[in-house]
Amino acid sequence: MSEDATPQEAWQAVDEYLMDRLVAEDEALATARESSARTTLPHIEVAPNQGALLGLLAQAAGARRVLEFGTLAGYSAIWFARAVGESGRVVTLELEEQNAEVARENLARAGVAERVEVLAGPAARTAAELIAADTEPFDLVFIDADKPSNPEYLAAALSLTRSGSLIVIDNVVRGGHVVDEDSDDPRIHGVRRVIEDISANPELDATALQTVGVKGWDGLLVARRR
Ligand SMILES: C[S@@+](CC[C@H](N)C(=O)[O-])C[C@H]1O[C@@H](n2cnc3c(N)ncnc32)[C@H](O)[C@@H]1O
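Colleague: Give a description of the site of the ligand that names residues and reports values.
Modeller: In the vicinity of the ligand, 23 residues are found, and the nearest of them are Gly-70, Ser-76, Glu-94, Ala-123 and Asp-144. In the environment of the ligand, a nitrogen atom lies 3.3 Å from a nitrogen or oxygen atom belonging to the side chain of Asp-146. Within the complex, 92% of the 600 Å² of free accessible area of the ligand lies under protein. Contributing elements (two or more residues each) for the shell around the ligand: α4 (75–84) and β2 (89–94). Of the residues contributing to the shell around the ligand, the split by class is twelve nonpolar, five polar and six charged.

Shown next as structure tokens:
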């Protein structure tokens, strides 16, 4: 790597080195990632090494049921679907029907359509319907939709999980702006409020890590219900 590399170039080079050696992204995953160009918000899916981490977290937790807020093209949903195995279930919530359709195609190509339900519509409303239907608790919830709604999604996740379930939240650092308490960005407010809610909740053990890589500087929060 050149001495003059910018931080982003250096993070990218290291991510590429690590992903080359450690992350087995098959054709279905690569196609799903690329197909995010056909969604309403191209290329904001997790990076391959983050997708692999999500799958490993689900496997380490022995998750059979995963709930995701924010589907996009179904890239992270494929990682979860593979992690829960044939008898597992993934429910993923997506606002835009266009994105839900792209995701369904990708899930079918990956051979996991039967274990993944893509529910189109505002996630807060769909989650409220799942709660009203007394849905069986999820073992892992991944929150990765519109950031201003993070506190509402956490509240829904608490109603849809059990003791021992994991709640994982993406994009909690946002280029360092999470520490900007005077920010007028509603996404920063959503991230700061959800961190405060977790901090004040004695039922949750949590930590968060900053990440750098192909997606820039951000972070991932992991919480576990006691
Ligand atoms: C960061 S992307 C999800 C990426 C996906 N988890 C992955 O890594 O492959 C966020 C998604 O949330 C969706 N979204 C935004 N607002 C939403 C809402 N109110 N309800 C449900 N989904 C929403 C967006 O349309 C977008 O597809």
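Colleague: Help me get a handle on the sheet that holds β2, residues and values and all.
Modeller: A sheet is described by the order of its strands in space; here seven strands give the open sequence β3-β2-β1-β4-β5-β7-β6, paired in mixed fashion. Edge positions in the open sheet fall to β3 (116–120) and β6 (204–213), since each of these has one partner strand only. Recorded for the sheet is a direction-independent mean angle of 15 degrees between the axes of neighbouring strands. Note that strand β1 (residues 65–69) and strand β4 (residues 138–143) share four bridges and pair parallel. Looking at the pairing, Glu-68 lines up with Phe-142 of β4. Of the strands in this sheet, β1, β2 and β3 are in contact with helix α6 (residues 123–132), which crosses β2 at around 140 degrees.

Colleague: So what's going on with the nonpolar core? Which residues, and what values?
Modeller: Among the nonpolar cores identified, the biggest contains 31 residues, and Val-66, Phe-80, Val-90, Leu-107, Val-116, Leu-140 and Phe-142 are the most heavily contacted of them. Contributions of two or more residues to this core are made by α2 (27–35), α3 (48–60), α4, α5 (97–109), β3, β4 and β5 (161–170). Of all the elements, α4 adds the most residues to this core, at eight residues. Beyond its immediate sequence surroundings of up to four residues, Phe-142 is in contact with Val-46, Leu-54, Leu-67, Glu-68, Phe-69, Ser-76, Phe-80, Val-168, Asp-170 and Leu-220. In this structure, Leu-67, Phe-69, Val-194 and Ile-198 belong to the second largest nonpolar core, which totals 26 residues.

Colleague: Can you explain the packing of α2 against α5? Please cite residues and give values.
Modeller: Contact geometry of α2 with α5 gives a least axis separation of 9 Å together with a crossing angle of 170 degrees. Taken as axis vectors, α2 and α5 run roughly antiparallel relative to one another. In this structure, α2 uses Ala-28, Thr-31, Ala-32 and Ser-35 to contact α5, whose residues at the interface are Val-102, Asn-106 and Arg-109. Taken together, the residues of the contact of α2 with α5 sort by class into three nonpolar, three polar and one charged.

Colleague: For the pattern of salt bridges, give the residues involved together with the corresponding values.
Modeller: The full count for this structure, using the stated rule, is 14 salt bridges. One salt bridge connects Glu-25 with Arg-33, and the closest N-O pair in it is separated by 2.7 Å. Its relative accessible area of 24% is what places Glu-25 among the partly exposed residues. The shortest N-O distance in the salt bridge between Arg-192 and Glu-181 comes to 3.9 Å. Here Arg-192, found in helix α8 (residues 186–199), pairs with Glu-181, found in the loop between β5 and α8; they are eleven residues apart in sequence, far enough to count as distant. Linked by salt bridges that have partners in common, Glu-97, Glu-101 and Arg-104 make up one network.

So, how was this worked out
Residues numbered from 1 in each chain as written. Predicted model: local features only at pLDDT ≥ 70, side-chain atom pairs only at ≥ 80, totals over all residues. Heavy atoms only, no water. Near = heavy atom within 4 Å. Polar contact = N/O pair within 3.5 Å; in protein donor to acceptor, adjacent residues only side chain to side chain. Areas by Shrake-Rupley, 256 points an atom, 1.4 Å probe, with all protein chains shown as cover. Helix = DSSP H or I, 4+ residues; strand = E, 2+ residues; numbered from the N terminus. Nonpolar A, V, L, I, M, F, W, Y, C, P; charged D, E, K, R; others polar. Pairing = 2+ DSSP bridges. Axes fitted to C-alpha atoms, helices over the stretch in contact; angles between N-to-C directions. Contact = heavy atoms within 4.5 Å. Core = buried A, V, L, I, M, F, W, Y, C linked by side-chain atoms within 4.5 Å. Buried < 20%, exposed > 50% of the residue type's maximum accessible area, 1.4 Å probe, protein only. Parallel < 35°, antiparallel > 145°, perpendicular 65-115°, else oblique. Salt bridge = Lys/Arg side-chain N within 4 Å of Asp/Glu carboxyl O.

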